Amino acid sequence: MIDTHAHLDGEEFRDDLPDVIARAREAGVTKIFVPAIDLPSSLATPKLCQQHPGYLFPMVGLHPEEVKADWRDVLEKIKPTLSFPKGGDGLPLAIGEVGLDFYWSREFEAEQLLAFEEQVKWSVETRLPLMIHCRKAQNEMVKILRRYEKDLPGGVFHCFTGNQIEARELLSFDRFVLGIGGVLTFKKSHLPEDLPAAVPLERIVLETDSPYMAPVPNRGKRNEPAFVALVMQRLAEAYGVTPEEVERKTDENVKRVFGV
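Residues numbered from 1 in each chain as written. Predicted model: local features only at pLDDT ≥ 70, side-chain atom pairs only at ≥ 80, totals over all residues. Heavy atoms only, no water.

Asks: Teacher, can you tell me more about the overall build of the protein here?
Replies: When you go through the protein residue by residue, the secondary structure sums to nine helices and eight strands. The C-alpha atoms of the protein give 17 Å as radius of gyration, which agrees with the globular expectation for 260 residues (18 Å, within 12%). Projected onto its principal axes, the C-alpha positions of the protein cover 45 × 40 × 30 Å. Burial statistics for the protein: of 260 residues in total, 54% are counted as buried. Sequence separation of at least 24 residues holds for 73% of the intrachain contacts in the protein that already meet a minimum separation of 6. In the structure as shown, the protein presents an accessible area of about 11,700 Å², 51% of it carried by carbon and sulfur atoms. Charge centroids of the protein, computed over 32 positive and 41 negative side chains, lie 3 Å from each other. (Helix = DSSP H or I, 4+ residues; strand = E, 2+ residues; numbered from the N terminus. Rg over C-alpha atoms; globule rule 2.2 N^0.38 Å. Buried < 20%, exposed > 50% of the residue type's maximum accessible area, 1.4 Å probe, protein only. Contact = heavy atoms within 4.5 Å. Areas by Shrake-Rupley, 256 points an atom, 1.4 Å probe, with all protein chains shown as cover. Lys, Arg positive; Asp, Glu negative; His and termini not counted. Charge placed at Lys NZ, Arg CZ, Asp CG, Glu CD.)

Asks: Can you help me understand the sheet that holds strand 6 (residues 155-157) in this one?
Replies: Strand pairing in a sheet is mediated by backbone hydrogen bonds. Such pairs are either parallel or antiparallel. Read from one edge of the open sheet, eight strands run 1-2-3-4-5-6-7-8, paired in parallel fashion. Strands at the two margins of the open sheet, each flanked by one partner only, are strand 1 (2-3) and strand 8 (204-206). Of the pairings in the sheet, the one linking strand 4 (residues 94-101) to strand 5 (residues 130-135) comprises six bridges and is parallel in character. If you follow Leu100 over to strand 5, its bridge partner there is Cys134. Strands in contact with helix 5 (residues 138-148) are strand 4, strand 5 and strand 6; relative to strand 5, the strand with the most contacts, it is inclined by about 150 degrees. (Pairing = 2+ DSSP bridges. Axes fitted to C-alpha atoms, helices over the stretch in contact; angles between N-to-C directions.)

Asks: I keep staring at the pattern of salt bridges and nothing clicks. Help me out?
Replies: A side chain with one charge may pair with a side chain of the opposite charge, provided their charged atoms come close. This structure, assessed with the given rule, holds 16 salt bridges. Between Arg146 and Glu149 there is a salt bridge, and its shortest N-O distance comes to 3.1 Å. Overall, the relative accessible area of 26% leaves Glu149 in the partly exposed class. Connected via shared salt-bridge partners are Glu202, Glu245, Arg248, Lys249 and Glu252. (Salt bridge = Lys/Arg side-chain N within 4 Å of Asp/Glu carboxyl O.)

Asks: Could you clarify how one ought to interpret the pairing of strand 3 (residues 56-60) in this entry?
Replies: Put simply, side chains in a regular strand alternate between the two faces of the sheet. Counting buried positions along strand 3 gives five out of five residues, so the element sits mostly inside the fold. Note: strand 2 (residues 31-34) against strand 3, three bridges, orientation parallel. Paired with Val34 across the bridge in strand 3 is Pro58.

Asks: Looking at this structure, how should I read the packing of aromatic side chains?
Replies: One pair of aromatic rings is described through two measures. These are the centre distance and the angle between the planes. Enumeration over the complete set of coordinates arrives at six aromatic pairs. Relative to Phe57, the ring of Phe33 lies with its centre 5.7 Å away and its plane at 80 degrees, an arrangement referred to as edge-to-face. Here Phe33 is found in strand 2, whereas its partner Phe57 is found in strand 3, with 24 residues between them in sequence. Classification of Phe57 as buried rests on a relative accessible area of 15%. Between Phe173 and Phe176, the aromatic rings sit 6.1 Å apart at their centres with planes inclined by 70 degrees, giving edge-to-face as the arrangement. Given a relative accessible area of 2%, Phe173 falls into the buried group. Here a set of aromatic residues connected by ring pairs shows up, and it is made of Phe33, Phe57 and Phe258. Between Arg25 and the ring centre of Tyr55, over which it is positioned, the NZ or CZ distance is 3.8 Å. The ring of Phe173 is capped by Arg146, whose NZ or CZ atom sits 4.1 Å from the centre of that ring. (Phe/Tyr/Trp six-rings, centres within 6.5 Å; stacked < 30°, edge-to-face > 60°. Lys NZ or Arg CZ within 6 Å of the ring centre and 35° of its normal.)

Asks: When you look at helix 8 (residues 228-239) in this model, what are you seeing that I'm missing?
Replies: Because an α-helix packs 3.6 residues into every turn, residues spaced three or four apart end up facing the same way. Compared with the 16 Å implied by 1.5 Å per residue over twelve residues, the 17 Å span of helix 8 between its first and last C-alpha is a close match. Along helix 8, the positions that sit buried rather than exposed are Val228, Val231, Met232, Leu235, Ala236 and Tyr239. Projection of helix 8 onto a plane perpendicular to its axis shows the buried side chains occupying an angular sector of 135 degrees, all on one side. On its buried face, helix 8 is in contact with strand 7 (176-180), helix 7 (191-198), strand 8 and helix 9 (243-258). Looking one or two residues past helix 8, Gly240 carries a phi angle of roughly 70 degrees, positive in sign. (Expected span 1.5 Å × (residues − 1). Arc of directions from axis to C-beta.)

Fair warning: the whole summary comes from geometry, so function is off the table for now.
Here is the structure:
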């Protein structure tokens, strides 16, 4: 299994990261992708991943909730991290976590739109895939992505929790996949019905979004990459296939999108 989204650079893992990684390995997790959210984490994630070569892989970018009036200056400082020395394990494998989020506030709506589009342009320039966060902004996100659709290398619509109509719209971007995490296991989630109806397994990757949104039966606890096995199990049940089949297909999807 590959956890395509875990914030292991966060303070939640400061005291026991080696144990967290050991549990992930024991659970069968073969790779973990670590997204950034701002300038400090865009500088920290490559360094963290260099300490675990071939197992942790970094992303860099500006998360929409971190976009403020100074977004241009922040992006100017993040962009050089896209060109860490090739051959080193500090080279980012994606641009993320980026996107749009109008759930809590639209105070910086204009800035979010501009910052997201700028990072979409980075993806076109560098051929690095996007790790996209979107909440209460799918129409605006799709509008921006359509402008670059033919040139984008692909990416992940992270933490997908939408319905069949929303899934089909996102899957119209041929080189993108949906990131499915712990919400799939929640009692009131409609994903176990909607995903098999609208999304082939060839368009899904696994994720935890650690330390957030731990899957059942660990809901409410700190999430960690080892728990991605619970997502894989629930996905297998929903699609009526074996966990091994989900593992094989989602691993193939990761390789197609990220090249690792």
